[in-house]
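# A look at the structure
If you want the building blocks of each chain, they are given just below.
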Amino acid sequence: MTNPGIAQKIAASADHAIERTCPRCNALILTAWAGRTAALHVTADPNPIDLAAEIQARVEGRLTWRLLVTALGVRRIVWRDPLTVPHHAHPVLRDHRCPPHPVQEALL
């Protein structure tokens, strides 16, 4: 007999990318623990970006990540190393930033 609580703990600690909605802006995001040594909790936009958008993201100080998909369909988010991995080898994602909220005219 298996314990469902253990299965949930294993799934929660895994580095698999999970689709969720952002609690602030309700946008679709991917979240995962990236890296095994210095694990970072990554929140990324799910849509891959091209090389020009990646360069712009770096100019803006945003982080970029690679999305790896295994043969079984498991998605992992790993650090994007621009010096060793060609851009076309894996989809590149950028960290999620919520869009700015419009300021009410009455406050201006």
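See the structure printed just above.
Analysis parameters
- Here the residue numbers are simple positions, counted from 1 along each chain's written sequence.
- Totals for whole chains, interfaces and linings use every residue, but because this is a predicted model, local features are given only for residues with pLDDT of at least 70 and side-chain atom pairs only at 80 or more, for both listing and counting.
- Hydrogen atoms and water are omitted, and side-chain values are computed over all heavy atoms in the structure.
- The rule for pairing is simple: two strands pair if DSSP sees at least two bridges between them.
- Secondary structure follows DSSP: runs of H or I at least 4 residues long count as helices, runs of E at least 2 residues long count as strands, and numbering of each begins at the N terminus.
- Nonpolar core, defined: a set of buried Ala, Val, Leu, Ile, Met, Phe, Trp, Tyr and Cys residues in which side-chain atoms within 4.5 Å join the residues together.
- Relative accessibility thresholds used throughout: buried, under 20% of the residue-type maximum; exposed, over 50%; partly exposed, between the two (1.4 Å probe, protein chains only).
- By definition in these notes, contact holds between two residues if any of their heavy atoms fall within 4.5 Å.
- Axis definition: a line fitted to C-alpha atoms, over the contacting stretch in the case of helices. Angles run 0 to 180 degrees between N-to-C directions.
- Counting of polar contacts relies on pairs of N or O atoms within 3.5 Å, with two restrictions inside protein: one atom must be capable of donating a hydrogen and the other of accepting it, and residues adjacent in sequence are counted only when both atoms are side-chain atoms.

## Re the pairing of strand β5 (residues 75–79)
Both strand β4 (residues 64–69) and β5 contribute to a ladder of five bridges, which runs antiparallel. Paired with Leu67 across the strands is Ile77, a residue of β5. Where β4 hands over to β5, the hairpin turn is made up of five residues, of which Gly73 adopts a positive phi near 90 degrees.

## With respect to the nonpolar core
Core analysis: the biggest nonpolar cluster contains ten residues, these being Ala17, Leu30, Ala32, Ala34, Val42, Ala44, Trp65, Leu67, Ile77 and Leu93. Breaking this core down by element, the ones donating at least two residues are β2 (28–34), β3 (40–44) and β4. Considering every element that reaches this core, the biggest residue donor is β2, with three residues. The contacts of Ala17, once residues within four sequence positions are left out, are Leu30, Thr31, Ala32, Arg75, Arg76 and Ile77.

## Some remarks on the sheet that holds β2
If you walk across this open sheet you meet the three strands as β1-β2-β3, and the pairing is antiparallel. Of all strands in the sheet, those bounded by a partner on one side alone are β1 (18–21) and β3. Taking each pair of neighbouring strands and ignoring which way they run, the sheet shows an average axis angle of 35 degrees.

## Quick word on the side chain of Thr64
Following the sequence through the fold, Thr64 ends up in strand β4. A distance of 2.9 Å separates a polar atom in the side chain of Thr64 from a polar atom in the side chain of Arg58. Once residues within four sequence positions are removed from consideration, Thr64 is found in contact with Ile49, Glu54, Ala57, Arg58, Trp79, Arg80, Val92, Leu93 and Arg94.

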